[in-house]
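Topology and contacts: notes
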Amino acid sequence: MALFANTMPLFADAMALFADAMALFANTMPLQGMAKFNLLQINEMLYLADYVV
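This structure is a prediction, so every number in the text was calculated from the model and none was measured.

A word on the overall build of the protein chain
Regarding its fold elements, the protein chain presents 1 helix and 0 strands. For 53 residues, the compact-globule estimate of 2.2 N^0.38 gives 10 Å, and the protein chain exceeds it by more than 25% at 23 Å. Per-residue burial over the protein chain gives 0% buried out of 53 residues. Carbon and sulfur atoms form 76% of the exposed surface of the protein chain, whose accessible area is close to 5000 Å².

Encoded structure:
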């Protein structure tokens, strides 16, 4: 029973870390979308530059 009591604070810490990780992951989703959009624009500019020359 003592071992179980010792693991509960560790479990709570792990859950808090997991919640933080999920929040960071949610914050990265819009950034990933912007990066993909910028990459598409860059690829389009490179394609047009190659096509024009």
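From this point, the discussion proceeds with the structure in view.
Focus: a nonpolar patch on the surface
A cluster of nonpolar residues, Met1, Phe4, Met8, Phe11, Met15, Phe18, Met22, Phe25 and Met29, forms a patch on the protein surface that exposes about 1000 Å² of accessible area. Within the secondary structure, Met29 sits in helix α1 (residues 2–52).

Reading the values: rules and limits
- Each chain has its residues counted from 1, running along the sequence as written.
- Local features in a predicted model are, by the rule used here, given only for residues with pLDDT of at least 70; side-chain atom pairs are given and counted only at 80 or more, and totals for whole chains, interfaces and linings are based on all residues.
- The side-chain values count all of the structure's non-hydrogen atoms but skip hydrogen atoms and water molecules.
- Numbering of helices and strands runs from the N terminus, with a helix taken as a DSSP run of H or I at least four residues long and a strand as a DSSP run of E at least two residues long.
- We take the radius of gyration over the C-alpha atoms and set the globule estimate at 2.2 Å times the residue count to the 0.38 power.
- To sort residues, take the accessible area from a 1.4 Å probe on protein chains only and compare it with the maximum for the residue type: under 20% means buried, over 50% means exposed, and anything in between is partly exposed.
- Accessible surface is estimated by sampling points in the Shrake-Rupley manner with a 1.4 Å probe; for residues, cover comes only from the protein chains shown.
- Patch definition: residues above 30% relative accessible area lacking any salt bridge, with like charges linked at up to 9 Å and the nonpolar side chains Val, Leu, Ile, Met, Phe, Trp and Tyr linked at up to 5 Å.
- When a carboxyl oxygen of Asp or Glu is within 4 Å of a side-chain nitrogen of Lys or Arg, the pair counts as a salt bridge.

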